[in-house]
Amino acid sequence: MSNRRAQRRTSHSQRREAPKEWRPTNRGQRRCQGDGRVQQTEEEEKRELGHERTPRGACQSMCPAHELQQREAQNRLHHFEMMAGTGRERRPRADPSRAVKEYSRPAAGKDSTRPADLRPPTVLLKTVCYLIDDIAASPDLHPWTEVYSFVFDRLRAVKQDMIIQRVSGSECVAILERTVRFLIYASYRLCDEPLRLYDPRINDTHLQEYLSWLLDCYTTGSGPHSNQAEFQALGLLYNLGSARALQHTMELPERLRKSPAIRLALSINRAFSERNPVRLLRLVHKLNFLQCCALHRHLLRCRRDLLLVYSHGHSSRNCRFPLHRLAQLLALDTPLTVQLCQAHGLEINRDNQVVFSKAAFTESEQGKGKLRCALYHDIVVEKQRDLTVRSIIHGCL
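Here is what the cut-offs are and how they apply
- Residues numbered from 1 in each chain as written.
- Predicted model: local features only at pLDDT ≥ 70, side-chain atom pairs only at ≥ 80, totals over all residues.
- Heavy atoms only, no water.
- Pairing = 2+ DSSP bridges.
- Helix = DSSP H or I, 4+ residues; strand = E, 2+ residues; numbered from the N terminus.
- Patch = residues over 30% accessible without salt bridge, like charges linked within 9 Å, V, L, I, M, F, W, Y side chains within 5 Å.
- Areas by Shrake-Rupley, 256 points an atom, 1.4 Å probe, with all protein chains shown as cover.
- Salt bridge = Lys/Arg side-chain N within 4 Å of Asp/Glu carboxyl O.
- Lys, Arg positive; Asp, Glu negative; His and termini not counted.
- Charge placed at Lys NZ, Arg CZ, Asp CG, Glu CD.
- Buried < 20%, exposed > 50% of the residue type's maximum accessible area, 1.4 Å probe, protein only.
- Phe/Tyr/Trp six-rings, centres within 6.5 Å; stacked < 30°, edge-to-face > 60°.
- Lys NZ or Arg CZ within 6 Å of the ring centre and 35° of its normal.
- 1 Å grid on protein atoms, 1.4 Å probe; cavity = no way out; pocket = protein on both sides within 12 Å on 5 of 7 lines; lining within 4 Å.
- Points joined across faces, edges and corners; volume = space filled by probe spheres on them.
- Nonpolar A, V, L, I, M, F, W, Y, C, P; charged D, E, K, R; others polar.
- Core = buried A, V, L, I, M, F, W, Y, C linked by side-chain atoms within 4.5 Å.
- Expected span 1.5 Å × (residues − 1).

**Digging into the sheet that holds strand S5 (residues 347-348)**
Move 1: Across the sheet, three strands lie side by side as S4-S6-S5; this open sheet has antiparallel pairing. Of all strands in the sheet, those with a lone pairing partner are strand S4 (321-322) and S5, marking the two edges.
Move 2: Note that S5 and strand S6 (residues 353-355) share two bridges and pair antiparallel. Its bridge partner lying in S6, Glu347 is registered against Val355.

This is the structure in structure tokens:
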């Protein structure tokens with residue numbers, strides 16, 4: 001009886017340890033359970049290496065032919081991709097020179113690594129330039145919410161192709177730089193649009209991913225990268241007050257940290273962290289247009305902080321503050337300053353003086369809904385001047 005139990009224990013132990021013997025010890029040999037070493041055949045080795053090899057795109061057009069035919073047959077063409085004069089037909093025809101591969105979620109059983117469906121890096125960069133020059137910057141395509149939706153989707157497809165092929169190097173950086181600029185510009189231009197047309201959270205999520213990828217390319221790539229200081233500063237301004245963004249900036253080489261763009265961004269970030277809105281708004285005047293676009297989502301809070309500080313510091317029955325001086329501090333015109341004060345419960349008397357009171361200061365939801373980010377748009381528009389969408393996204397500031 002005891003011998004049987006011992007045999008069972010032994011056989012159980014052998015079964016439990018048996019899989020370890022089947023693991024490959026190296027590429028050219030395997031352990032086999034009763035036969036010692038068995039050399040791997042040449043065909044098996046090639047097959048194994050083939051699975052490890054990164055796919056390389058062979059599609060030389062912006063949209064693979066198979067997808068273009070399928071979407072045309074299923075009537076799934078965007079009107080930006082239709083051949084001129086066929087838009088009103090029952091089944092519009094596709095224009096191969098305007099059609100762009102659309103984003104599709106990975107599905108079970110679907111092979112997303114076919115070379116015929118993947119665009120190589122040169123074609124991906126060409127596609128991104130087309131989306132900027134002929135779609136985003138076109139004066140004839142409107143509304144811009146629809147332009148944004150189309151470009152946003154096609155950029156996701158570009159990103160998908162890049163990830164599958166593990167694209168790196170200068171072409172990867174060039175694509176990511178233009179994508180980040182586009183999303184930062186869109187966050188400013190569309191910030192007042194209804195949620196059904198533009199979702200700032202979705203835009204923010206993707207922008208953070210692209211920006212993180214780009215900054216990682218700067219760190220791991222061979223370089224030098226002429227636009228690195230620009231995007232390091234944009235990342236800090238967009239993520240103002242973020243400890244992670246500040247730490248990343250402080251770990252940069254000294255030559256980058258001393259660049260004018262990063263030094264200005266660090267000064268603004270310090271003022272924001274110290275809750276010094278007066279200094280922050282004074283420094284904002286030194287920013288260029290795209291930097292203002294990256295920062296503008298934080299300015300409503302800065303203006304609110306300024307009014308809160310002044311409401312406590314100048315809260316007195318006999319204390320009056322000149323309205324025109326407050327408008328200068330807020331970097332707003334007089335009507336918008338009045339609107340901002342009234343939204344926060346502050347009184348403007350007949351002599352155009354602000355009556356600050358810490359008891360009267362409020363943050364009503366109604367006031368927030370009226371103000372939003374649009375308060376800063378006048379200065380942003382002034383900084384834009386003669387800049388076109390094309391020059392902004394390509395970085396020709």
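**Considerations on a positive patch on the surface**
Move 1: A contiguous patch of positive charge, built from Arg279, Arg282, Lys286 and Arg325, is present on the exposed surface.
Move 2: The residue Lys286 is located in the loop between helix H12 (277-284) and helix H13 (289-295) in this model.
Move 3: A residue is classified by how much of its surface remains accessible, and Lys286, at 60% relative accessible area, is exposed.

**A closer look at the packing of aromatic side chains**
The geometry of an aromatic ring pair is captured by two quantities: the separation of the ring centres and the angle between the planes.
Move 1: Applying the stated criterion across every chain yields a total of twelve aromatic pairs.
Move 2: Ring centres of Tyr188 and Phe289 lie 5.7 Å apart, and the angle between their planes is 90°; this geometry places the pair in the edge-to-face category. With Tyr188 in helix H6 (residues 170-189) and Phe289 in helix H13, the pair connects residues that are 101 residues apart, well separated along the chain.
Move 3: By relative accessible area, Phe289 is classed as buried at 2%.
Move 4: Taken together, Trp144, Tyr148, Phe152, Phe182, Tyr185, Tyr188, Tyr198 and Phe289 form an aromatic cluster joined through their ring pairs.
Move 5: The side chain of Arg156 reaches across the aromatic face of Tyr103, ending 4.0 Å from its centre.

**Some remarks on empty space enclosed by the protein**
Move 1: Counting across every chain of the model gives two cavities of 30 Å³ or more.
Move 2: Quantified by volume, the largest cavity comes out at close to 40 Å³.
Move 3: When contributions to the lining of the largest cavity are tallied by element, the ones reaching two or more residues are helix H11 (260-273), H12 and helix H14 (299-313).
Move 4: Considering each element in turn, the lining of the largest cavity owes the most residues, three residues, to H14.
Move 5: Classifying every residue of the lining of the largest cavity by side-chain character gives five nonpolar, no polar and three charged.
Move 6: Quantified by volume, the second largest cavity comes out at close to 30 Å³.
Move 7: Together, Val128, Leu131, Ile132, Val151, Leu155, Arg178, Thr179 and Phe182 line the second largest cavity.
Move 8: For the lining of the second largest cavity, the elements supplying multiple residues, two or more each, are helix H4 (121-136), helix H5 (144-165) and H6.
Move 9: Here the lining of the second largest cavity is composed, by residue class, of six nonpolar, one polar and one charged.

**Description of the nonpolar core**
Move 1: If you look at the biggest cluster of nonpolar residues, it comprises 96 residues, and the most contacted ones within it are Leu280 and Leu307.
Move 2: Here this core takes eleven residues from H6, the largest share from any one element.
Move 3: In this structure, Cys63, Leu77, Met82 and Ala94 belong to the second largest nonpolar core, which totals six residues.

**Section: the environment of Arg304**
Move 1: Examined against the element boundaries, Arg304 turns out to sit in helix H14.
Move 2: For the pair Arg304 and Pro277, spaced 27 residues apart in sequence, the C-alpha separation works out to 8.9 Å.

**Concerning H5**
Move 1: Look at H5: 31 Å from first C-alpha to last across 22 residues, which is about the 32 Å you get at 1.5 Å a residue.
Move 2: Positive backbone phi, approximately 55°, marks Arg166, located one or two places after H5.

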